[in-house]
Each structure stands twice: as C-alpha cells, then as structure tokens.
Amino acid sequence: MCNSRGEVVLEARNFSRSYGEVKAVREVSFSVLRGEIFGLIGPDGGGKTTLLRSLVSLLSIEKGELFFEGRSVAREPELVRRRIGYMPQRFSLYQDLTVEENLRFFGDLFDVDRKEAEGRIEELYGFSGLKPFSRRRAGALSGGMKQKLALSCMLVHSPRVIVLDEPTFGVDPVSRSEFWQILFRLREGGTTILVSTAYMDEAGLCDRVGLMYGGRILASDAPELLNSRFPRDLYGIRTGQPHLVLDALEESRLCGDCHLFGEGVHLTLEENRSPGEVEACLRERNLGWTFFGPVKPGIEDLFLLLMKGEGHGD
Amino acid sequence: MGIREGSAAVEVRELTKRFGDFTAVDRVSFTVGKGEIFGFLGANGAGKTTTIRMLCGLLAPSGGEGSVAGYDIIGEYGKIKGRIGYMSQKFSLYNDLTVGENIEFYGGIYGLTPGEIRDRSGELFAIIGLEELKGKLTASLPMGWKQRLALCAGLIHDPAIIFLDEPTSGVDPLSRRNFWKLIYRLSDMGKTVFVTTHYMDEAEYCHRLSIMKGGRILEMDSPHALKGKYGAQNMQEVFLASLKEGS
Ligand SMILES: Nc1ncnc2c1ncn2[C@@H]1O[C@H](COP(=O)(O)OP(=O)(O)OP(=O)(O)O)[C@@H](O)[C@H]1O
Ligand SMILES: [Mg+2]
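Quantities reported herein were computed from a predicted structural model and do not represent experimental measurements. (Residues numbered from 1 in each chain as written. Chains lettered and ligands numbered in written order. Predicted model: local features only at pLDDT ≥ 70, side-chain atom pairs only at ≥ 80, totals over all residues. Heavy atoms only, no water.)

Would you mind showing me how to read the environment of B:Thr192 here?
All names here are of chain B. By the element assignment, Thr 192 lies in strand S8 (residues 192-196). Here Thr 192 falls in the buried class, since its relative accessible area comes to 0%. Expressed as a C-alpha distance, the spacing of Thr 192 and Ile 161, which sit 31 residues apart in the sequence, is 4.6 Å. The residues contacting Thr 192, other than those within four sequence positions of it, are Ile 3, Ala 9, Val 32, Gly 33, Lys 34, Gly 35, Glu 36, Ala 160, Ile 161 and Ile 162. A distance of 3.0 Å separates a polar atom in the side chain of Thr 192 from the backbone nitrogen of Gly 35. (Helix = DSSP H or I, 4+ residues; strand = E, 2+ residues; numbered from the N terminus. Buried < 20%, exposed > 50% of the residue type's maximum accessible area, 1.4 Å probe, protein only. Contact = heavy atoms within 4.5 Å. Polar contact = N/O pair within 3.5 Å; in protein donor to acceptor, adjacent residues only side chain to side chain.)

Hey, could you run me through the site of ligand 1 in this one?
Neighbouring ligand 1 are 21 residues, the closest being A:Arg136, A:Ala140, A:Ser142, B:Thr49 and B:Thr50. Here B:Lys48 contributes a side-chain N or O atom positioned 2.7 Å from an oxygen atom of ligand 1. One nitrogen or oxygen atom from the side chain of B:His198 is found 3.0 Å from an oxygen atom belonging to ligand 1. Protein chains bury 86% of the 650 Å² of accessible surface belonging to ligand 1 in isolation. Among the secondary structure elements, those contributing two or more residues to the shell around ligand 1 are helix H5 (143-155) of chain A together with strand S2 (22-32) and helix H1 (48-55) of chain B. (Near = heavy atom within 4 Å. Areas by Shrake-Rupley, 256 points an atom, 1.4 Å probe, with all protein chains shown as cover.)

Teacher, can you tell me more about the domain arrangement of chain A here?
Where the parts come together, the accessible area they lose is often given as the size of the interface. One can read the domain layout of chain A as domain 1 (8-227) and domain 2 (235-296). Placing a centre on the C-alpha atoms of domain 1 of chain A and another on those of domain 2 of chain A gives a separation of 39 Å. (Domains from an automatic or database assignment.)

Looking at this structure, I do not really get the packing of aromatic side chains. What am I missing?
Under the criterion given, the structure shown has 20 aromatic pairs over all chains. On the numbers, 5.5 Å between centres and 15 degrees between planes, the contact of B:Phe30 with B:Phe38 is stacked. On the accessibility criterion, B:Phe30 (3% relative accessible area) is buried. Residue classification places B:Phe38 among the buried residues on the basis of a relative accessible area of 0%. In this structure an aromatic cluster arises from ring pairing among B:Phe30, B:Phe38, B:Phe40, B:Phe163 and B:Phe194. A cation over a ring is seen here: A:Arg136 above B:Phe22, with NZ or CZ 3.8 Å from the ring centre. (Phe/Tyr/Trp six-rings, centres within 6.5 Å; stacked < 30°, edge-to-face > 60°. Lys NZ or Arg CZ within 6 Å of the ring centre and 35° of its normal.)

Help me understand the pairing of strand S3 (residues 37-41) of chain A, please; the structure alone is not making it clear to me.
Along any regular strand the residues' side chains alternate between the sheet's two faces. Residue and element names in this part refer to chain A. Across the 5 residues that make up S3, a large majority, 5, are buried. In S3, alternate side chains face the same way, and those of Ile 37, Gly 39 and Ile 41 on one face and Phe 38 and Leu 40 on the other are all buried. Relative to strand S8 (residues 192-197), S3 is paired through 5 bridges, and the arrangement is parallel. Along S8, the bridge assignment pairs Phe 38 with Leu 194. Across 4 bridges, S3 lies against strand S9 (residues 208-213) in parallel orientation. Residue pairing across strands places Phe 38 opposite Arg 208, the latter belonging to S9. (Pairing = 2+ DSSP bridges.)

Hey, could you run me through unusual backbone geometry in this one?
Trans is the common state for peptide bonds, and a negative phi is the common state for residues other than glycine. Phi angles above zero are rare outside glycine, and A:Asn272 is one such case at about 65 degrees. Accessibility expressed as a relative area gives 77% for A:Asn272, which makes it exposed.

Please clarify how the packing of helix H3 (residues 99-109) of chain B against helix H4 (residues 114-128) of chain B should be interpreted in this entry.
Helix-helix packing: each pair is described by the crossing angle between the helix axes and the interaxial distance. Residue and element names in this part refer to chain B. Where H3 meets H4, the axes come as close as 10 Å, and the angle between the chain directions of the two elements is 125 degrees. Relative to H4, the element H3 is oriented oblique. In terms of crossing hand, the pair formed by H3 and H4 is right-handed. Of H4, the residues touching H3 (which contributes Val 99, Ile 103, Glu 104, Gly 107 and Gly 108) are Ile 117, Ser 121 and Phe 125. A breakdown of the residues in the contact of H3 with H4 according to their chemical character gives 4 nonpolar, 3 polar and 1 charged. (Axes fitted to C-alpha atoms, helices over the stretch in contact; angles between N-to-C directions. Parallel < 35°, antiparallel > 145°, perpendicular 65-115°, else oblique. Left-handed = near helix turned anticlockwise from the far one by under 90°. Nonpolar A, V, L, I, M, F, W, Y, C, P; charged D, E, K, R; others polar.)

When you look at the packing of H3(B) against helix H5 (residues 143-155) of chain B in this model, what are you seeing that I'm missing?
Residues and elements named next belong to chain B. Contact geometry of H3 with H5 gives a least axis separation of 9 Å together with a crossing angle of 30 degrees. The orientation of H3 relative to H5 falls into the category roughly parallel. Of the two elements, H3 crosses H5, and the hand of that crossing is right-handed. Taken together, the residues of H5 that come into contact with H3 (itself represented by Val 99, Asn 102, Ile 103 and Tyr 106) are Leu 149, Cys 152 and Ala 153. Looking at side-chain class alone, the contact of H3 with H5 contains 6 nonpolar, 1 polar and no charged residues.

What is the right way to read the nonpolar core from this model?
Nonpolar side chains in soluble globular proteins tend to be buried together. In this structure, A:Ile237, A:Leu249, A:Leu267, B:Leu151 and B:Leu164 are the most contacted members of the largest nonpolar core, which totals 63 residues. With 7 residues, H5(B) is the single largest residue contributor to this core. Apart from the residues lying within four places of it in its own chain, the contact partners of A:Leu267 are A:Asp233, A:Leu234, A:Tyr235, A:Ile237, A:Leu249, A:Cys255, A:Asp257 and A:Cys258. In terms of nonpolar packing, the next biggest core, distinct from the first, is built from 53 residues, A:Trp180, A:Leu226, A:Phe303 and A:Leu304 among them. (Core = buried A, V, L, I, M, F, W, Y, C linked by side-chain atoms within 4.5 Å.)

What is the right way to look at the sheet that holds strand S6 (residues 84-87) of chain B in this model?
All names here are of chain B. Pairing in this open sheet of 6 strands is mixed, and the strands run S6-S7-S8-S3-S9-S10 from one edge to the other. Sheet topology places S6 and strand S10 (216-221) at the edges, where each strand pairs with a single neighbour. Taken pair by pair, the neighbouring strands of this sheet meet at an average axis angle of 15 degrees, ignoring direction. For strand S7 (residues 161-165) and S8, the ladder comprises 5 bridges, and the chain directions are parallel. The residue bridging Ile 162 from the neighbouring strand is Val 193, located in S8. Each of strand S3 (37-42), S6, S7 and S8 touches helix H6 (residues 173-188); the most contacted strand, S3, lies at about 130 degrees to it.

Quick look at the structure:
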C-alpha cells in the first residue's frame, strides 16, 4: 500500500520534452513510491506516452531530470532498462507466432525459468481468457485480445518495478476489472506500478494519480483527496432523456457547467441561480427526471473542469 | 444515397462467420431501424468487428444472410458501398496529409467530383467543427480531432448508415461527449448509427443495444428495458451481469 514516507522509486523533476514545435510534456514533476500503484490518467495525446518512454530511457532527455531509485536515467539507461518491466502502448507482438509461442518467447527473452514460466502463463490465462485460443496466431486476435496478450507477455517475468502504457486500451469492462485484480496481487507482492490509462474510472483503483492533459500534470494526489478538490456544488439529474435535458439546460444559461453522464447529466449552477429554477426549466419543457440533487464529484467531473481551465477544451 | 423504400437499415438472419473450425460469429439475427442509434457491445473477441466487417462487405459470411440499406450483403455489395460509411477500430487517416487533403482523398475513393467534395466537406466541416483546421497536418492533431476527422471521412459521400467501431477509445472526456452530440445530430438527420464501445456510460446513449459474447448475442433491447430486467442502476451492472450469466 501507499506509504507517505516511502522510498521514491521513479521521479521526474521539471521534465519537458518536445517533438519539433509540439510540446509533448511541459515541466512535469512527480514521484512514484515503493509498492504503490501510481496512475497517469488522461486522454491520448496528453503526454503520457512521452513521459513514460522517457522514464524508461527510450527517449533523450531535453529539459529537467528523471530518476530511477535515485540514479539518473540519462546517465544509467542500461540499469533502467534492465530493472524496469515496460509495456509500450503499441506493443509489438509476433503476429505470426501463436498466443502460447508469444508467451514462451517473452519468458525466454527475460530468462524466466521454463517451469516457472509455465505456472505463470497458466495464471495469466486465468485473467486473459486466452487459453482456448492458445494456438491461434496473434495476428488473428481481436483488438482487445491482442492487448491482453501483450500485457500477459510482459508479466511472464516478475520485475519489481513495472511501467504500463495504457494496458487496458480497448479491453472490455469485465476483463478490465480482472486485469486490475492482477495489479492488486502484484502490489501485494511488493511490485511498484506506474500505469497510464484514458479510462477515468480506473483512477479510483490507484493509490495515487496524476491527471495529465496538454503535456501537464494538472493535479496529483490520492484519488479520494482529488475528488474533494472540486470547488463547487455539483448536482446530478437522472432522466430517460439525457440529451434533451442537456440541450434544455445549455440553452437556459442556468448552469456554469453541464455535461452528459451516462443516464443523466451533471451540472454546476451559475451564480445566484437555484436548483428550483432548473426544475422549473425542465418542467416547462415537459422533461421528466427520476432524481435531481447534489452528487459527489468524481475524477471525470474534476478532469472536465481542469481541462476547461487549461483552455484546451473545445 | 438512401435506404431502399420499405427496408430496415440493417437486417441479418443467422449470420455466421467461421475461421477454420472456429466460429467467430454464431448465427446472429437482428434488425436495426432507420435513424436508430444501435449500440453493439460485447466482450473482447465476441465478434463485433467481424460482424461489422461482414456488413460492410469486407469479409464474406460463412452462413446466414443479411441486408444493409435494403440490399443483399452478398449479391448486391455494389449498391451498399455508397450507402454506408465505416470508421474502423484504428482510424485509417494519412498522417502526412493535411485535414483537407485527407477528405479529398476519401471523397475521391467514393467517386465524388472536386466540386461535390468541396460542397460536401464545407457542410461537414461546419457541423463537425473542423473548418479552421483544414490546412493542418493530420499528424499534429490531438486525438479528439483525429477522431472527428475520421468521422468526417466516413461521411463525405453522405451515407445513410454509418458503422463506428470503438470511435471513442482513448479520447478525452470532453471530446467523447462532443462526439456523442454529433452522433445524435446524425440520427436526427435520419442517419442510422451502428456503434461499438467499451464505455458503459456511452451505452446509455444508444436507442437500443445488443450485448455479445463468444459469437452469440446475449441481450438486445433498450438500455431502459435492460436495466429493468437486471434490476440494475446502470449499464455497467447490466454488462457485468449479462456476461456472467452468458458464460
Ligand atoms: N482472420 C482471422 N482468423 C482467425 N480468427 C479470427 C480472424 N479474425 C478474427 N478472428 C477471431 O474472431 C473472434 C472475434 O473477433 P472480433 O475482432 O470480431 O472481436 P471483437 O468483438 O471486435 O473484439 P474487441 O472488443 O476486442 O475488438 C476472435 O476470437 C478473433 O480472434
Ligand atoms: Mg473489435
């Protein structure tokens, strides 16, 4: 579990990285502690991949500093590559090898004892559900199945520190929760995990998270503490017609922010506006609802708000 | 080009796809009405992409039958092509072309004249909000904009039905919502939207949806009816419960 005075395993200090004119990462500082799951949460293009690739020494360092267990990543790239298990976003599986051959291959590559690898592979099948497909070529797997195989390949060996770039991209909700069970088990065994994801709901599963957008970490903390940083009263409406309700509220100018949230909308009120006015507005248009009242903000609410502050929202 | 008079947008019966001795899509039957937003949900490897590829004429079925826009998916593919748009799981855009050039390229594929491309893309850019980015290199666009460009490319020939395979994976929360506003807009214009997603909040926005696993359709109904059936608060719960039951 997260230990606030724990040892720092990975650290970025004022790190920036550009590609030509595009500033991919801007002055990012953060650290990952021994034995925790740290989540970089944000959409594609937010800078997560550049940051992770730099941390595992695959990109030259332009500005700022990166450290692994207190040693400079720039000065000791070999050490970093040997000691960190890294799963890139576009992991290149061997498309012509079968599922099982890929798993064995990566076991051998990382010098895992054959016997030990077999046990591990069985365990990983449990999560991936790929056992019935063990003899299928990787190239013929569905999008999500490829992703699960890539992840399994990286987990055949058991590095003490792992860095995973969007491991659950395109993975279905059931498999995502099974995958997180594996991460929890690894954490229990003392593994330190840095993981990136575009699924906001996965933030709640991390010990600490950084919300990343437009190359910056906009906020970083334990997820429950981040949620409480939402600065205004948030209301939720549950309705059978979320789009019509949204349109009505956007037109009414009663709301500061107003967003679709599954079976309803979340909103904040414009200054000097009251919930009663919102109800009246909906009634006037014959729009029904099954719930209207204050709700607790989640990471996605906060993210939408921070994005707006960055001026990048469209 | 529209849907044939009196026909559903998509209709399949016992549609099946086998790869060797493995059955990826196993006798699925469903109908999608004109103007409907149909959510095609399911576990990884359930057969969603395979089904879509059969409906778009990219893959020959091993059994069963189907029609898209009122035309037979096996015998009348030539009539279907111009009536559908397809945005694949990995959007295929040319990174080294500008936004405008990508659209011209796709317009050309569909046999539009330069004049038609100009008119049509002007209209689409206004709806989708790409006007100011026309001269930008595609590679430099943020993910959310690439996704809109891919949608634009799929709509350039004014198809009646659009197939979207995981259009919002990896996209930021605001762009995701804006994308769904566009989907609603398309549906209001009478277009049929056939969409897959792994985001369960997006499942709520569909008029009707199916849940697939192992090549079979487990459930098909409106989000409201499905939540009722499972006594669930939201689609996430429905999804988890139905897959569990179906295994
Ligand atoms: N060319 C092929 N040869 C053999 N098997 C294939 C081929 N193409 C697809 N399959 C198999 O068909 C099944 C269905 O795959 P499909 O891509 O349709 O799934 P999906 O529902 O789209 O999954 P995802 O949510 O992961 O994208 C999978 O088991 C896949 O491995
Ligand atoms: Mg698919």
